Amino acid sequence: MSGYNNNAYQRRGYGNSNSNSNNQFYSGSSSNQISTGSFVDAPMTFIAQATTNFMRRHYIMTFLWALGLLLVTMGKGYAIDPNTEHEFNKALDEAEIIEQTHLNDAYLNNEAMYQRYYRSKGWFSCDAYCQSNYQDYLRAQQQLADAKALHNAAISEARSIVGIFSDYA
């Protein structure tokens, strides 16, 4: 064993004929060894400790979260009268009509313009025809964004009729 420190090699138990094969790599007693059963509860212990530490550091936010959870769980929305329900359903129908006409048409136009642009562009360049198709595609994207905004505004208007704490909101 030239080049090795024989004393260190002997101390580790590799060349020692007196050591048995069970403690060749671990010289401690079996009571010092860690059992695998202690690792089973480790994730839950870690999560519980992290949650407790967070709750102690941010007690106001935790209290408000628990209060909100209690309010949402226990609280029910208030019932609305039949006239308000009729207005709400009418507003939702208008929003659905906007979705079925303007939004769907804008989506289909956007997809068609993108396919037209995609088929006209080259590998590395975009000529005048491609640039024209790209501008059409950008206009179609803007129309789609406007249609989505119109639909979202109609939904928001319908929800504003019944209020945030109603059964329908």
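In the block above lies the structure referred to throughout.
Presented here is a report on the structure given in the accompanying data block. (Residues numbered from 1 in each chain as written. Predicted model: local features only at pLDDT ≥ 70, side-chain atom pairs only at ≥ 80, totals over all residues. Heavy atoms only, no water.)

## Let's talk about the overall build of the chain
Moving on, step 1. Within the chain one finds five helices and zero strands.
Moving on, step 2. Relative to its full complement of 169 residues, the chain shows a buried share of 17%.
Moving on, step 3. Partitioning the contacts of the chain with sequence separation of at least 6, the portion at a separation of at least 24 is 62%.
Moving on, step 4. A total accessible area of about 13900 Å² is found for the chain, and carbon and sulfur atoms account for 56% of it. (Helix = DSSP H or I, 4+ residues; strand = E, 2+ residues; numbered from the N terminus. Buried < 20%, exposed > 50% of the residue type's maximum accessible area, 1.4 Å probe, protein only. Contact = heavy atoms within 4.5 Å. Areas by Shrake-Rupley, 256 points an atom, 1.4 Å probe, with all protein chains shown as cover.)

## Here we look at a nonpolar patch on the surface
Moving on, step 1. On the surface, a cluster of nonpolar side chains totalling about 810 Å² of accessible area is made up of Tyr 59, Ile 60, Phe 63, Leu 64, Leu 67, Leu 70 and Met 74.
Moving on, step 2. Along the chain, Leu 70 turns up in helix H3 (residues 59-74). (Patch = residues over 30% accessible without salt bridge, like charges linked within 9 Å, V, L, I, M, F, W, Y side chains within 5 Å. Salt bridge = Lys/Arg side-chain N within 4 Å of Asp/Glu carboxyl O.)

## Some points on helix H5 (residues 128-162)
Moving on, step 1. The end-to-end C-alpha distance of H5, which contains 35 residues, comes to 52 Å, matching closely the 51 Å that a straight helix rising 1.5 Å per residue would cover.
Moving on, step 2. For H5, every residue scored as buried is listed here: Cys 130, Asn 133, Asp 136, Tyr 137, Ala 140, Leu 144, Ala 147, His 151, Ala 154, Ala 158 and Val 162.
Moving on, step 3. Lining the buried residues of H5 we find helix H4 (82-120).
Moving on, step 4. With its phi angle positive at about 95°, Gly 163 sits one or two positions after the end of H5. (Expected span 1.5 Å × (residues − 1).)

## Brief notes about the packing of H4 against H5
Moving on, step 1. One can describe the packing of H4 onto H5 by two numbers: an axis separation of 8 Å at closest approach and a directional angle of 170°. With respect to their mutual orientation, H4 and H5 come out roughly antiparallel. The two elements H4 and H5 meet at a crossing, and its hand is left-handed.
Moving on, step 2. Here the contact of H4 with H5 is built from residues that sort into 24 nonpolar, nine polar and six charged. (Axes fitted to C-alpha atoms, helices over the stretch in contact; angles between N-to-C directions. Parallel < 35°, antiparallel > 145°, perpendicular 65-115°, else oblique. Left-handed = near helix turned anticlockwise from the far one by under 90°. Nonpolar A, V, L, I, M, F, W, Y, C, P; charged D, E, K, R; others polar.)

## Description of the environment of Ala 112
Moving on, step 1. Tracing the backbone through its elements, the reader meets Ala 112 in helix H4.
Moving on, step 2. Linking Ala 112 and Ala 140, residues 28 residues apart in sequence, is a C-alpha distance of 9.0 Å.

## As for the packing of aromatic side chains
Each aromatic ring pair is described using two quantities: the centre-to-centre distance and the angle formed by the ring planes.
Moving on, step 1. Applying the stated criterion to the full structure yields seven aromatic pairs.
Moving on, step 2. Taken together, a centroid distance of 6.1 Å and an interplanar angle of 5° make the contact between Tyr 117 and Tyr 137 stacked. Of the two residues, Tyr 117 sits in helix H4 while Tyr 137 sits in helix H5, which places them 20 residues apart along the sequence.
Moving on, step 3. Accessibility expressed as a relative area gives 14% for Tyr 117, which makes it buried.
Moving on, step 4. On the basis of relative accessibility, which here comes to 13%, the residue Tyr 137 falls in the buried class.
Moving on, step 5. Ring geometry for Tyr 134 and Tyr 137: centres 6.4 Å apart, planes at 45°, overall tilted. With Tyr 134 and Tyr 137 both in helix H5 and three residues apart, this pair spans about one turn of that helix. (Phe/Tyr/Trp six-rings, centres within 6.5 Å; stacked < 30°, edge-to-face > 60°.)

The values are spatial; any link to function lies outside them.
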